[in-house]
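# Analysis of the macromolecular model
For reference, the chains in residue letters:
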Amino acid sequence: MNWYRVSFFSVILILISGIVYVPYIHGAFIWDDILFIQENNLIKSWDNIPAFINQDYFRLSHELSYRPVSGMFHLIIYKLSGSAPISFRLANLVFHLINAFFVFLIFNKLIKNKLCSFAGSILFALHPVHTEIIQCASFNEDILAVFFMLLTFFFYLKVNSDDFVKNRLWLTLSFIFFFLALFSKESAIVMPLIIGLHYYLTEREFKVPGFPGYFVITVFYLWIRFFVMVNLTAPQESYLGGSIYINFLTMCKGFMQYISILFYPVNLCVDYGKPLSLSVTEPAVIISFIVIAFYFLITYISKKYSVIYTFLLLWFPIGLLPVLNIVPFGNYISVRYLYFPSIGIFLLVSFFLKRWISSARLFLLFITTAVCLLSILTISRNEEWKNEEQLWKSNIQNCPYSIKAYKNLGAFYEKNNRIKESLKIFNKLLTMNPADPVLNSNIGLLYNKSNQIDLALKYLLKAVSLDPKCEEAQNNLGVIYQNNGNYKEARKYFLNALKANSYYAPAYDNLGLMLRVTGNYEKAIEMHQNAIKCDPGIAVAYFNMGVIYSIKDDFMEAEKNFIQSLIYNFSSGDTHNALGILYAKHKMYNKAVEEFSKVLEFDKSMADIIKKNLKRLHKQMGKK
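Residues numbered from 1 in each chain as written. Predicted model: local features only at pLDDT ≥ 70, side-chain atom pairs only at ≥ 80, totals over all residues. Heavy atoms only, no water.

## Topic: the confidence of the model for the protein chain
Summarising the model, the protein chain shows a mean pLDDT of 87, and 96% of its residues fall at 70 or more. Mean pLDDT in the protein chain bottoms out at helix 1 (residues 3–21), which sits at 72, and peaks at helix 8 (residues 140–157), which reaches 94. (pLDDT = per-residue confidence, 0-100. Helix = DSSP H or I, 4+ residues; strand = E, 2+ residues; numbered from the N terminus.)

In structure tokens form, the structure reads like this:
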């Protein structure tokens, strides 16, 4: 291989991708990042490494599936660079470019044409469907899985008939990377099909030694995934529409939509809702059947011209197999699911153009035009990921029937105390799904925040009547009764929440708060400790224990718990303020001033409180 030319192509790839992506990878965590990175306690300490191989993995990480390699990757980034979102997104971008480079290497090995291979890899690098996987840092699992999948295939391709010793090395490396791919994300399970398809189509003249190893690794992974590391709290998903028939019709339409998205990547969405197809006579279903039949007819005919055509055409549907709800997982389609399948289409397009356009200049013109158009679309898509409000507003505009988009926009408004806007979104959602207990619970909580207690109780009681196991609603009812001094009713609902979910940390914490108010400090500490056992990163539980120890005048324990609370929520103005008061009480004036100053960095609404605290501190210090 001419490494000078390879280096030249790599520099171009990095420069163009950098221009398109780098200006947009700053900013706060968005969407799943908040739960799976910012609130993921598994990745915040090396001490949690043993939890990667037991049930604590699910409790600490909030993950529904067992993906320890991606979790370890996040742990390394967190310990090296802290919780800065740009570090995680930059890592995603770097691995995306590495993936594009291996797409180039693999395709060049298949067809021996660097220009054609580069064209396919740059289409892969710049296509706007991959924006989501880079901008949402928690989707590193997809990028890592594909990284290891490409390495698996790359080293499989290096096996030849001449060198038995090297063959064993290449296959061993291929097996190792396949193992890592599976434990990055379960979608890697299709890799043996890709390898088997290539082996069959190319009719390699020699038997690949150790080929069944891929099967053995797959069986081992399935055993771990379904019998050893099973998430006992994960919801059981059913087929779309609750029917295999409806699921089949809907996903046929989804297959067609995936093809449409690749060739017409405009108005992209994070969530496309669940537009169920109920009858085979629906126009969209009929069209999807025609598209699928035509696709596989072309695939069958293509072998007459080139087995590479056939291989790349089949790469796409094989790559989609894990996300077609054959094994139900409750989602319709998502553009990020195209990350691996799209490789086959991009390489196919570049290979087809190169075969049928004899002029290298005309081929470059086609590819350059495509790169410019894709770059513009990707930059536009990056703009939508600037913040969460913009992302979900765009999603609603492009897909007005996405319930998830409305819920997330409403949650964003709630988090930022934009209660009226949040209520407007959630009430609109309620007209679409009035029997949703979580939605009723959220509306009740919003009315409670706006001091409309009667309305809050109305919606929360409706939520628990719809689903008595809705722990959020039970807990929120407890909070309302607690705030109004009705501790008997509050205790009942907190216990109901724990009956629904014995690991629901907020209920334990609220029981502790209630016990503190009644003066039962020891029992209150026990409840806060129970909350921490359920969720070691629940900052508010450490804060509440700090308050109790401060009341008991136990400086060491109070300081320890306040500091522990700040480890998990450093931007809490209340905790910095409480720690400042603690230091002032024990005449540690410099530390007190330092903590009071930090409050204003994170919560300017506490300015008056801090002014009073500083005035009191200066008086205590003997200053004017």
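Once you've had a look at it, read on.
## Observations concerning empty space enclosed by the protein
To find leftover empty space, a probe the size of one water molecule is rolled over the atoms. Under the defined criterion, the tally for this structure stands at two cavities of 30 Å³ or more. Of the voids in this model, the largest cavity is the one considered here, and its volume is about 80 Å³. What lines the largest cavity is a set of 13 residues, and nearest its centre among them are N40, E63, S70, G71 and H74. Elements with a contribution of two residues or more to the lining of the largest cavity: helix 3 (56–61), helix 4 (68–81) and helix 8. In terms of residue count, the dominant contributor to the lining of the largest cavity is helix 4 (three residues). For the lining of the largest cavity, the residue count by class is three nonpolar, seven polar and three charged. (1 Å grid on protein atoms, 1.4 Å probe; cavity = no way out; pocket = protein on both sides within 12 Å on 5 of 7 lines; lining within 4 Å. Points joined across faces, edges and corners; volume = space filled by probe spheres on them. Nonpolar A, V, L, I, M, F, W, Y, C, P; charged D, E, K, R; others polar.)

## Points about the packing of aromatic side chains
Counting across every chain of the model gives 45 aromatic pairs. Grouped by ring-pair contacts, the aromatic residues F73, F95, F101, F102, F104, F147, F148, F154, F155, W170 and F177 constitute a single cluster. The residue whose ring lies beneath K158 is W170, and the NZ or CZ to ring-centre distance is 4.8 Å. A cation over a ring is seen here: R336 above F139, with NZ or CZ 4.1 Å from the ring centre. (Phe/Tyr/Trp six-rings, centres within 6.5 Å; stacked < 30°, edge-to-face > 60°. Lys NZ or Arg CZ within 6 Å of the ring centre and 35° of its normal.)

## So, helix 20 (residues 437–449)
Look at helix 20: 19 Å from first C-alpha to last across 13 residues, which is about the 18 Å you get at 1.5 Å a residue. Counting buried positions along helix 20 yields 10 of 13 residues, so the element is predominantly enclosed. Buried residues in helix 20 make contact with helix 18 (403–415), helix 19 (419–432), helix 21 (453–466) and helix 22 (471–483). Two residues or fewer past helix 20, N451 is found with a positive phi of approximately 60°. (Expected span 1.5 Å × (residues − 1). Buried < 20%, exposed > 50% of the residue type's maximum accessible area, 1.4 Å probe, protein only. Contact = heavy atoms within 4.5 Å.)

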